[in-house]
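Given next are the chains, with one letter for each unit.
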Amino acid sequence: MKYDKNHALLECAIPGVPHKSGKVRDVFDLGDKLLMVVTDRISAFDVILPSGVPDKGKVLNQLSLFWMEFFGMKNHLITANVDEYPEILAPYKEDLRGRSMLVKKVNMVEVECIARGYLTGSGWKEYKAHQTVNGEKLREGYENASKLDEVLFTPTTKAAIGDHDEAINFDETVKLVGLDMATKLKEATISLYSKAADYAAKHGIIIADTKFEFGKDEDGSLILADEVLTPDSSRFWPESSYAVGSNPPSLDKQYVRDWLDSINFNHQPPGPELPDEVIAKTREIYVKAYEELSGKKLV
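Predicted model only: the values in this text are computed from it and were never measured.

## Let's talk about the packing of helix α6 (residues 254–262) against helix α7 (residues 276–294)
Describing two packed helices takes the angle between their axes plus the distance from one axis to the other.
Then comes step 1: Contact pair α6 / α7: the axes reach a minimum separation of 9 Å and the direction vectors enclose 155°. One finds that α6 runs roughly antiparallel with respect to α7. When α6 is examined against α7, the residues Tyr 255, Val 256 and Trp 259 are found in contact with a partner set consisting of Glu 277, Val 278, Lys 281, Thr 282 and Ile 285.
Then comes step 2: In the contact of α6 with α7, the residues fall into five nonpolar, one polar and two charged.

## Concerning the pairing of strand β6 (residues 41–44)
Then comes step 1: The alternating pattern of β6 places Arg 41 and Ser 43 and Ile 42 and Ala 44 on opposite faces, both of which are buried.
Then comes step 2: The turn joining β6 and strand β7 (residues 47–52), which pair antiparallel and follow one another in sequence, is formed by two residues; a positive phi near 55° is taken by Phe 45.

## Section: the packing of aromatic side chains
Then comes step 1: A complete count under the given rule lists 15 aromatic pairs for this structure.
Then comes step 2: Arranged with centres 6.2 Å apart and planes meeting at 20°, the rings of Phe 66 and Phe 70 form a pair that is stacked. With Phe 66 and Phe 70 both in helix α1 (residues 56–71), this residue pair falls four residues apart, about one helical turn.
Then comes step 3: When its relative accessible area of 12% is taken as the criterion, Phe 66 is described as buried.
Then comes step 4: With centroids separated by 6.4 Å and ring planes inclined at 70°, the aromatic side chains of Phe 71 and Phe 212 adopt a geometry described as edge-to-face. Highlighted residues: Phe 71 in helix α1 and Phe 212 in strand β15 (residues 205–216), separated in sequence by 141 residues. Just as Phe 71 is buried, Phe 212 falls in that class too.
Then comes step 5: One aromatic cluster is present, built from ring pairs that chain together Phe 66, Trp 67, Phe 70, Phe 71, Tyr 199, Phe 212 and Phe 214.
Then comes step 6: Sitting above the plane of the Tyr 142 ring, Arg 139 keeps its charged end 4.0 Å from the centroid.
Then comes step 7: The ring of Phe 70 has Lys 195 sitting right over it, with the charged end atom 5.2 Å from the ring centre.

Criteria and cut-off values
- Residues numbered from 1 in each chain as written.
- Predicted model: local features only at pLDDT ≥ 70, side-chain atom pairs only at ≥ 80, totals over all residues.
- Heavy atoms only, no water.
- Axes fitted to C-alpha atoms, helices over the stretch in contact; angles between N-to-C directions.
- Helix = DSSP H or I, 4+ residues; strand = E, 2+ residues; numbered from the N terminus.
- Parallel < 35°, antiparallel > 145°, perpendicular 65-115°, else oblique.
- Contact = heavy atoms within 4.5 Å.
- Nonpolar A, V, L, I, M, F, W, Y, C, P; charged D, E, K, R; others polar.
- Buried < 20%, exposed > 50% of the residue type's maximum accessible area, 1.4 Å probe, protein only.
- Pairing = 2+ DSSP bridges.
- Phe/Tyr/Trp six-rings, centres within 6.5 Å; stacked < 30°, edge-to-face > 60°.
- Lys NZ or Arg CZ within 6 Å of the ring centre and 35° of its normal.

Here you go:
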């Protein structure tokens, strides 16, 4: 395990167990199952930054677990209780506690499924330029951060680390995965987002948009996988500071993106070190998102 000076977990390694590293997660192959470990790495603009954010991985992991239970949809989770992990993982239990889960192996669908309830970010930029989002025409009159008339399904391709996901429309999704699967992805994405958005609104938080990932189980049915409605995959806005026309302060990594833009970061690797005050503020934002949405204190 590699921690930085702030005790943020940057790398996870378990001798004798093959693994792959993503932007934030390290995934270990245990034969018939996988161990997913959420590190404290943070990425922005598809660039992994050299600084970690303490406890960020625990927020992502525990918030995903919260939403999986909340939805009740079939998912890939086996257990997140480290005391139930295989014996080979016993020496690392304390490092893994709160930031990991054992999951089933599933065939992932190669589409990032994004739901947008509000017009912001890249969607707003495209709308301003062309009055479209993912190439689909919208009505006139929207402003930045406007609530959309209906929830949009705006998928993207899954890019390799360091590359950028490409926005695609529904017809292009059909070409990638077929009409039946594309329809299931759209329906599941909008349904899950809507259920979560209604819940979050009762807790004073607007979910502007979010990303889901799905796999196919042994019987071919759709299964919820990877992270679920975390500050890394979603845009959370405190309702108290929401106003049409500008982006409210987000309970997600927008704070880091804004800081990077303030120093004119060119969105290309390598990324800069984050100042301690940016790290501390980012941790505060992530923990707040978890505790306000789950109603629990971070373990």
